[in-house]
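Coordinates in review
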Amino acid sequence: MERLDNLRPLILFVSGLMGAAGVALAAAASHGGDTAFLGSASTMCLAHAPVLLALYLGHRHFRSATLAALVLGLGTIVFAGDLVSRHYFGDRLFPFTAPVGGTGMMLGWLVVTAGAFVRVREV
């Protein structure tokens, strides 16, 4: 998993963008009529942005943090992206986009869980 450490700055970048997107989507949902898709996308982004930040900061404390952050981030982007696409374009990004993104988020959380069973790095 050390090879993934080169991608750590991407996790911080995505965390910031995801937080900003979550706030923007919440604002759009409150002003745009039907809030089902944008509200859900906002919730997913705002729920996972601080998790990505925590995983970025906590990578020295458990080995699966970087992989978990990458999987969670990608899953959230795909899931929220599909919801935004449905709202603005009336169609999904591609077939089964939301289930793929949701499965990615669940898998990312399972990678976090797996960190409990992997030996901690020596600092």
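Each remark here, short or long, concerns the structure printed above.
Described below are features of the structure shown in this document. For clarity, every value in this text was computed on a predicted model and none was experimentally measured.

1. Considering the packing of aromatic side chains
With the rule as written, the count across this model stands at zero aromatic pairs. Positioned above the aromatic ring of Y56 is the side chain of R8, whose terminal nitrogen or guanidinium carbon lies 4.2 Å from the ring centre.

2. Section: the nonpolar core
M18, L52, L55 and L72 are the most contacted members of the largest nonpolar core, which totals 23 residues. Of all elements in the fold, only α1 (8–31), α2 (36–57), α3 (65–89) and α4 (97–114) reach the threshold of two or more residues within this core. In terms of residue count, the dominant contributor to this core is α2 (eight residues). Each residue touching L72, except ones within four places of it in the same chain, is listed here: H48, V51, L52, L55, M105, G108, W109 and V112.

3. Quick look at the environment of A80
Within the secondary structure, A80 sits in helix α3. Note: C-alpha distance between A80 and V100 (20 residues apart in sequence) is 11 Å. In this structure A80 touches A41 and C45, once residues within four positions along its chain are discounted.

4. What about the packing of α1 against α3?
Contact geometry of α1 with α3 gives a least axis separation of 11 Å together with a crossing angle of 30 degrees. If you check the angle between α1 and α3, you find them roughly parallel. For α1 against α3, the interelement crossing comes out left-handed. Only T66, A69, L70, G73, T76, I77, V84 and Y88 of α3 make contact with α1, whose side of the interface consists of R8, I11, V14, M18, L25 and A28. Looking at the contact of α1 with α3, its residues break down into ten nonpolar, three polar and one charged.

5. Some thoughts on α4
Since the α-helix turns once every 3.6 residues, residues separated by three or four places project in the same direction. When the terminal C-alpha atoms of α4 are compared, their 25 Å separation across 18 residues agrees well with the 26 Å that a helix rising 1.5 Å per residue should span. Buried residues of α4: T97, A98, G101, G102, G104, M105, G108 and V111, and no others. Looking at the buried positions of α4, the neighbouring elements they touch are α2 and α3.

6. So, the pattern of salt bridges
By the definition in use, this model includes one salt bridge. Put simply, R86 and D82 hold a salt bridge, and the shortest N to O gap is 2.9 Å. One end of the pair, R86, and the other, D82, are both in helix α3, four residues apart, so they sit about a helical turn from each other.

What counts and what doesn't
- Residues numbered from 1 in each chain as written.
- Predicted model: local features only at pLDDT ≥ 70, side-chain atom pairs only at ≥ 80, totals over all residues.
- Heavy atoms only, no water.
- Phe/Tyr/Trp six-rings, centres within 6.5 Å; stacked < 30°, edge-to-face > 60°.
- Lys NZ or Arg CZ within 6 Å of the ring centre and 35° of its normal.
- Core = buried A, V, L, I, M, F, W, Y, C linked by side-chain atoms within 4.5 Å.
- Buried < 20%, exposed > 50% of the residue type's maximum accessible area, 1.4 Å probe, protein only.
- Helix = DSSP H or I, 4+ residues; strand = E, 2+ residues; numbered from the N terminus.
- Contact = heavy atoms within 4.5 Å.
- Axes fitted to C-alpha atoms, helices over the stretch in contact; angles between N-to-C directions.
- Parallel < 35°, antiparallel > 145°, perpendicular 65-115°, else oblique.
- Left-handed = near helix turned anticlockwise from the far one by under 90°.
- Nonpolar A, V, L, I, M, F, W, Y, C, P; charged D, E, K, R; others polar.
- Expected span 1.5 Å × (residues − 1).
- Salt bridge = Lys/Arg side-chain N within 4 Å of Asp/Glu carboxyl O.

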